[in-house]
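# Working through the structure, step by step
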Amino acid sequence: VQLQASGGGLVQAGESLRLSCAASGRTFSSYVMGWFRQAPGKEREFVAIITWSGGTTRYADSVKDRFTISRDNAKNTVYLQMNSLKPEDTAVYYCAADRLVRPPKYEYEYWGQGTQVTVSS
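Let me begin by describing the structure that accompanies this report. Model, not experiment: these values are computed from the prediction. (Residues numbered from 1 in each chain as written. Predicted model: local features only at pLDDT ≥ 70, side-chain atom pairs only at ≥ 80, totals over all residues. Heavy atoms only, no water.)

## With respect to the pattern of salt bridges
Inspection of every chain in the model, using the stated rule, returns seven salt bridges. Ionic pairing is found between Asp89 and Arg37, a salt bridge with its closest N-O pair at 2.9 Å. In this pair, Asp89 is assigned in the loop between strand E8 (77-82) and strand E9 (91-98) and Arg37 in strand E4 (residues 32-38), connecting sequence segments 52 residues apart. Here Asp89 matches Arg37 in class, with each residue buried. Residue Asp98 pairs with Arg102 through a salt bridge whose shortest N-O separation is 3.0 Å. Since its relative accessible area comes to 2%, Asp98 is described here as buried. Salt bridges linked by common partners bring Arg37, Glu45, Arg66 and Asp89 together as one network. (Salt bridge = Lys/Arg side-chain N within 4 Å of Asp/Glu carboxyl O. Helix = DSSP H or I, 4+ residues; strand = E, 2+ residues; numbered from the N terminus. Buried < 20%, exposed > 50% of the residue type's maximum accessible area, 1.4 Å probe, protein only.)

Right under this line is the structure:
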């Protein structure tokens, strides 16, 4: 599976962005999809995951009630809607895929290249 993330950019605090991650191949629905982020000088951290058909989602406490993960299996795409952005959300955001639901710090099987999100105060 090849993953291509897009949609990052520079926004002001309080604004919104929607990230997209397009996957290649015909088995997209066989993968749990996740979003992770890494800020400068910090470890990569879990943001959200969505299960194969989208029936279950989980979020990091820091983004709960502000971010929404969704997927469109017909389009082989997973999304991350980010509302009420804060400067501390500034990071490179990565999408990832794995066949199973994994713990937040698990090294997923496939990773996209990342897209930069910068939130100014």
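Once the structure has been displayed, the description carries forward.
## Remarks on the side chain of Thr90
Looking at the secondary structure, you find Thr90 in the loop between E8 and E9. Here the side chain of Thr90 touches Pro87 through a polar contact of 2.9 Å, landing on its backbone oxygen. Of the polar contacts made by the side chain of Thr90, one reaches the backbone nitrogen of Val119; its length is 2.9 Å. In this view, Thr90 contacts Ala39, Gln116, Val117, Thr118 and Val119; residues no more than four positions away in its chain are not counted. (Polar contact = N/O pair within 3.5 Å; in protein donor to acceptor, adjacent residues only side chain to side chain. Contact = heavy atoms within 4.5 Å.)

## So, the packing of aromatic side chains
Per the stated rule, a full pass over the model turns up five aromatic pairs. Taking 4.9 Å as the distance between ring centres and 55 degrees as the angle between the ring planes, the aromatic pair formed by Phe36 and Trp111 counts as tilted. Residue Phe36 is located in strand E4, and its partner Trp111 is located in strand E10 (residues 110-111); the two are separated by 75 residues in the primary sequence. Judged by its relative accessible area of 23%, Trp111 is partly exposed. Joined through ring pairs, the aromatic side chains of Phe36, Phe46, Tyr108 and Trp111 make up one cluster. The lysine or arginine in question, Arg44, covers the ring of Trp111, its NZ or CZ lying 3.9 Å from the ring centre. One Lys or Arg, Arg71, reaches over the ring of Phe28 and ends 4.5 Å from the middle of that ring. (Phe/Tyr/Trp six-rings, centres within 6.5 Å; stacked < 30°, edge-to-face > 60°. Lys NZ or Arg CZ within 6 Å of the ring centre and 35° of its normal.)

## Regarding the environment of Phe36
Owing to a relative accessible area of 2%, Phe36 belongs among the buried residues under this scheme. On a C-alpha basis, the gap between Phe36 and Thr51 in space is 15 Å, while along the polypeptide they are 15 residues apart. Setting aside chain neighbours within four positions, we find Phe36 in contact with Arg44, Glu45, Phe46, Val47, Val92, Tyr93, Tyr94, Ala96, Pro104, Tyr108 and Trp111.

Interpretation note: all reported values are geometric properties and have no functional meaning in isolation.
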